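# Fold and geometry: a report
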Amino acid sequence: MDLSVRDIAYCKGVGTKRADILRHELKVVTALDMLHVYPYKYIDRSRIYRIAEIADEDTFVQIVGQITESHIIGVGKTARLVATFSDGDHVVELVWFRSIQYVKLELNQPYLLFGKPSRYNHTYNFVHPELTLMSKVSPEKIQGLEPYYNTTERMKSAGLNSKGVRTIIAALKPDLQQGVAETLGMDVVRRYHLMGMTEALSNIHFPKDTPTMRRARERFKFEELFYIQLSILRKMKRREQHEGYVMQTVGHHFHHFYQQCLPFPLTNAQKRVIREIQADLKSGRQMNRLLQGDVGSGKTLVALMCALLAADNGYQTCIMAPTEILANQHYQTVTQMLAKTSVRVALLTGSTTAKQREPLHRDLQDGTIDILIGTHALLEDNVQFANLGLCIVDEQHRFGVAQRARLWYKNSTPPHVLVMTATPIPRTLAMTVYGDLQTSIIDELPPGRKPIYTRHYSIQNRATVNRFIAEQVSLGRQVYVVFPLIKENEQLDLQDLQNGFNRLCDTFPQYKISMLHGQMKAADKEEQMRRFVAGETQILVATTVIEVGVNVPNASVMIIENAERFGLSQLHQLRGRVGRGAEQSYCLLLTRLELSKESRARMDVMVETNDGFRIAEADLKLRGPGDMQGTLQSGQPFELHIASLATDTQLLEKARQAAMEILSEDPLLENEQNRIYVNRLNILRLTQDNWSDIS
Ligand code: ADP
Ligand code: MG
């Protein structure tokens with residue numbers, strides 16, 4: 001019977017109970033589904049080691065030898081079985097802790113031993129090794145690569161450990177010979193030199209050698225990435241059919257600002273990006289653009305100038321920021337820059353009072369307000385625009401999907417959308433998570449920026465750090481001290497912050513110190529921030545509420561406490577709060593003395609480079625593919641089973657290209673020969689619909 005319709009319950013070694021578990025844990029329903037459960041690693045079983053050759057702990061080895069002696073140590077629950085295993089020249093020790101009554105050992109018979117050695121005094125130890133009498137070892141077993149499968153606790157409890165899964169899949173091997181239907185078009189298979197479906201399935205589970213196994217895996221990785229790209233790009237093509245407001249005029253507001261109000265010349269990158277956006281705005285199609293730029297690259301100014309273009313064409317703009325502090329800051333910046341113009345700017349946040357709102361709502365609705373800056377508050381239903389033409393979302397990863405969706409629905413015709421990232425994001429992420437957006441990149445910082453000098457200290461060196469603070473303050477500079485705040489143990493973190501504040505007050509009684517955290521009342525926050533901005537306080541102790549956007553040019557020192565608890569992009573974003581004035585700026589990362597390998601690597605990257613694009617790539621590599629959810633608070637729209645956004649960059653590019661080639665000829669996949677792709681997309685049902693409509 002066709003593997004795609006054969007119920008997994010009726011496959012050899014399964015049955016209804018295991019079938020239930022497989023369906024629940026791995027979404028496996030048919031025999032074919034089972035074949036698409038891919039191994040996560042392989043162990044070369046063709047190599048037999050001599051004991052003297054064992055070099056590494058923790059990698060599996062195989063040895064042929066005999067058990068020379070065995071005995072039980074201890075009694076009852078703590079009893080263990082210990083045996084000595086010799087290959088003729090050397091010995092290793094074997095140990096069993098569990099179910100030792102079932103372990104049957106024959107002395108002085110040749111065995112094949114398989115397991116993971118660990119060093120113990122002067123010998124190697126194998127805990128619960130796999131032992132097979134040589135007379136019972138099947139020749140296949142020691143020929144090739146043995147696949148290992150991920151399992152769950154629930155699977156293990158039903159005997160579906162890696163070996164159990166392997167046995168079920170091995171039993172399906174003969175059926176594979178009938179062939180399994182291709183799920184990629186033959187043109188793609190050929191053009192990209194991919195292994196065909198049947199061959200790839202066979203070689204991913206039972207590879208004859210490493211190169212073949214790699215090719216098989218590559219085919220499935222490609223396929224996985226290809227369908228994601230196809231789905232994203234199809235969405236983009238469909239949206240390109242959406243009409244957008246036509247903003248053709250470059251008028252008075254823009255020209256006046258450009259000629260009279262610009263405090264400094266634009267960088268070439270800023271100019272290029274503004275041209276790219278301008279082209280979108282007049283195209284008649286709705287713009288969906290991602291603006292990437294490093295911290296401090298001047299994205300706000302770009303946003304402002306786009307808003308002026310919209311105003312020149314009679315449209316309103318909203319600029320949405322993730323925090324109140326940041327919205328305030330934008331409002332200050334923008335009103336200052338537009339002081340000598342007739343453009344009307346307003347601010348709307350959670351702390352805007354009902355009394356202030358009334359005229360604001362009215363002015364919005366009759367079009368008196370040109371630019372509305374705010375937080376989530378501007379998503380509320382009662383906030384109605386006369387003619388919203390452009391939505392700019394700043395530091396977008398902090399916004400949830402639903403929130404952006406609401407922006408969209410404020411108009412019958414969708415407004416143009418510009419999404420700005422806080423820090424650069426890795427290329428692979430840009431191609432997947434934001435893959436349906438056009439991208440603009442500001443790859444140049446304004447002139448005269450000095451790289452921020454970054455050092456890593458353990459808290460044992462706090463005295464050095466304090467001396468440094470004193471020295472900088474005496475030079476007239478201001479200092480940030482930032483503590484992590486994590487929702488789960490907010491109380492503890494706030495305690496940390498309070499302790500840190502007290503400690504600084506004790507150490508520096510002569511200085512004025514501000515404190516800022518998210519749980520303070522808005523008015524108090526504002527006051528603390530104001531004092532620091534005005535230079536009335538020398539040190540600002542804060543949680544990450546200051547992470548985004550805050551701009552105090554005289555602050556030239558950023559001290560990050562418990563730096564090991566921050567992710568790389570957050571560290572980089574925090575560091576970007578300094579280095580905004582003319583002075584040499586510093587960032588000191590404070591951590592515990594003992595660090596995990598990964599934390600240390602993160603500190604090293606920070607010390608080494610100021611380049612946000614490099615940091616973003618390093619971040620993804622360090623954290624690996626599994627942990628992207630944290631970065632993308634909007635959630636990951638799809639799950640990767642075999643491909644990795646950390647390492648499969650080139651494959652992803654190929655997959656994107658393949659998808660693009662198909663869509664450029666047949667944008668809506670209507671041709672008969674592309675039916676295979678439509679069907680597959682329907683089956684995979686990548687949940688793009690839930691999110692990408694909105695940005
Ligand atoms: P980000 O891209 O991180 O949002 P901002 O827009 O906050 O960066 O800009 C950072 C700082 O750089 C601001 O103080 C801004 O006034 C300044 N700036 C922006 N563009 C230029 C430029 N072309 N030349 C000099 N300074 C600039
Ligand atoms: Mg910014």
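Everything quoted here is computed from the prediction, not taken from an experiment.

A word on the overall build of the protein. Check the secondary structure of the protein and you find 23 helices and 22 strands. Expressed as a percentage of the 695 residues in the protein, the buried residues total 53%. By sequence separation, contacts in the protein at least 24 residues apart represent 74% of the contacts at least 6 residues apart. Accessible area for the protein stands at about 32500 Å²; split by element, carbon and sulfur atoms hold 49% of it. For the protein, the distance from the average site of its 82 positive side-chain charges to the average site of its 77 negative ones is 1 Å.

This part covers the site of ligand 1. In the vicinity of ligand 1 lie 17 residues, with Pro265, Gln270, Gly296, Thr300 and Arg449 positioned nearest. Within the side chain of Arg449, a nitrogen or oxygen atom sits 2.7 Å from an oxygen atom of ligand 1. Expressed as a share of its isolated accessible area of 570 Å², the protein-covered part of ligand 1 is 83%. Here the element with the most residues in the shell around ligand 1 is helix H11 (residues 299-312); it accounts for three residues.

This brings us to the packing of aromatic side chains. The description of two aromatic rings rests on the distance between their centres and on the angle between their planes. Under the defined criterion, the tally for this structure stands at 14 aromatic pairs. The interplanar angle of 5° and the centroid separation of 6.3 Å between the aromatic rings of Phe254 and Tyr258 together place this pair among those described as stacked. Of this pair, Phe254 and Tyr258 both sit in helix H9 (residues 252-261), four residues apart, roughly one helical turn. In textbook terms, an aromatic cluster arises when at least three aromatic residues are bridged by ring pairs, as seen for Tyr192, Phe222, Phe226, Tyr227 and Tyr677.

It is worth spelling out the domain arrangement of the protein at this point. Each domain of the protein was delimited in the assignment, giving domain 1 (8-42 + 151-204), domain 2 (47-142), domain 3 (252-281 + 298-421) and domain 4 (453-609). Just the C-alpha atoms count here: the centres of domain 3 and domain 4 sit 30 Å apart.

Attention now moves to the side chain of Gln278. Tracing the chain through its elements places Gln278 in helix H10 (residues 268-281). Setting aside its immediate chain neighbours within four residues, Gln278 contacts Val250 and Leu309.

Moving on: the side chain of Arg289. Along the chain, Arg289 falls in strand S10 (residues 288-293). A polar side-chain atom of Arg289 sits 2.7 Å from a polar atom in the side chain of Asp280. Within polar-contact distance, the side chain of Arg289 engages the backbone oxygen of Thr439 at 3.3 Å. Those residues in contact with Arg289 that sit more than four places away from it in its chain are Glu276, Ile277, Asp280, Val417, Leu418, Val419, Leu437, Gln438, Thr439 and Ser440.

The subject of this paragraph is the pairing of strand S20 (residues 539-542). The two faces of S20 match: Ile539 and Val541 on one face and Leu540 and Ala542 on the other face are all buried. The pairing of strand S19 (residues 513-516) with S20 spans four bridges and is parallel. Residue pairing for S20: Met515 is matched across the bridge by Val541. Remark: the S19/helix H18 (residues 522-533)/S20 crossover connection has right-handed handedness.

Further remarks concern the sheet that holds strand S16 (residues 438-442). In space, the seven strands of this open sheet follow the order S12-S13-S11-S14-S15-S10-S16, with parallel pairing throughout. Where the open sheet ends on each side, the last strands, each with one partner, are strand S12 (345-348) and S16. Taken pair by pair, the neighbouring strands of this sheet meet at an average axis angle of 20°, ignoring direction. The sheet contact formed by S12 and strand S13 (residues 371-374) spans four bridges and is parallel.

A few words on the nonpolar core. Note that soluble globular proteins tend to have their nonpolar side chains buried in a common cluster. Ranked by internal contacts, the top residues of the largest apolar core, which has 42 residues, are Phe257, Ile277, Leu301, Val302, Leu304, Leu338 and Ile371. Counting residues per element, the ones that place at least two in this core are H9, H10, H11, helix H12 (324-337), S12, S13, strand S14 (388-393) and strand S15 (416-420). For this core, the element with the highest residue contribution is H11, accounting for ten residues. Among all residues touching Ile371, those that are not within four sequence positions of it are Leu304, Ala307, Thr317, Ile319, Leu338, Val343, Arg344, Val345 and Ala346.

A separate point is the pattern of salt bridges. Taken as a whole and assessed by the stated rule, the structure comprises 32 salt bridges. Across the pair Asp443 and Arg272 runs a salt bridge, and its minimum N-O distance is 3.1 Å. One end of the pair, Asp443, is in the loop between S16 and strand S17 (453-458); the other, Arg272, is in helix H10, and 171 residues separate them in sequence. Exposure remark for Asp443: the relative accessible area of 57% places this residue in the exposed category. When the shortest N-O distance is used, the salt bridge between Arg503 and Glu561 registers 3.7 Å. Remark: Glu561 occurs in the loop between strand S21 (555-560) and helix H19 (568-575) and Arg503 occurs in helix H17 (residues 490-507); sequence separation between them is 58 residues. Residue classification places Arg503 among the partly exposed residues on the basis of a relative accessible area of 32%. One network of salt bridges, with partners in common, ties together Arg272, Glu276, Asp280, Arg289 and Asp443.

Rules and cut-offs
- Residues numbered from 1 in each chain as written.
- Chains lettered and ligands numbered in written order.
- Predicted model: local features only at pLDDT ≥ 70, side-chain atom pairs only at ≥ 80, totals over all residues.
- Heavy atoms only, no water.
- Helix = DSSP H or I, 4+ residues; strand = E, 2+ residues; numbered from the N terminus.
- Buried < 20%, exposed > 50% of the residue type's maximum accessible area, 1.4 Å probe, protein only.
- Contact = heavy atoms within 4.5 Å.
- Areas by Shrake-Rupley, 256 points an atom, 1.4 Å probe, with all protein chains shown as cover.
- Lys, Arg positive; Asp, Glu negative; His and termini not counted.
- Charge placed at Lys NZ, Arg CZ, Asp CG, Glu CD.
- Near = heavy atom within 4 Å.
- Polar contact = N/O pair within 3.5 Å; in protein donor to acceptor, adjacent residues only side chain to side chain.
- Phe/Tyr/Trp six-rings, centres within 6.5 Å; stacked < 30°, edge-to-face > 60°.
- Domains from an automatic or database assignment.
- Pairing = 2+ DSSP bridges.
- Right-handed = clockwise from strand over helix to strand, strands pointing away.
- Axes fitted to C-alpha atoms, helices over the stretch in contact; angles between N-to-C directions.
- Core = buried A, V, L, I, M, F, W, Y, C linked by side-chain atoms within 4.5 Å.
- Salt bridge = Lys/Arg side-chain N within 4 Å of Asp/Glu carboxyl O.

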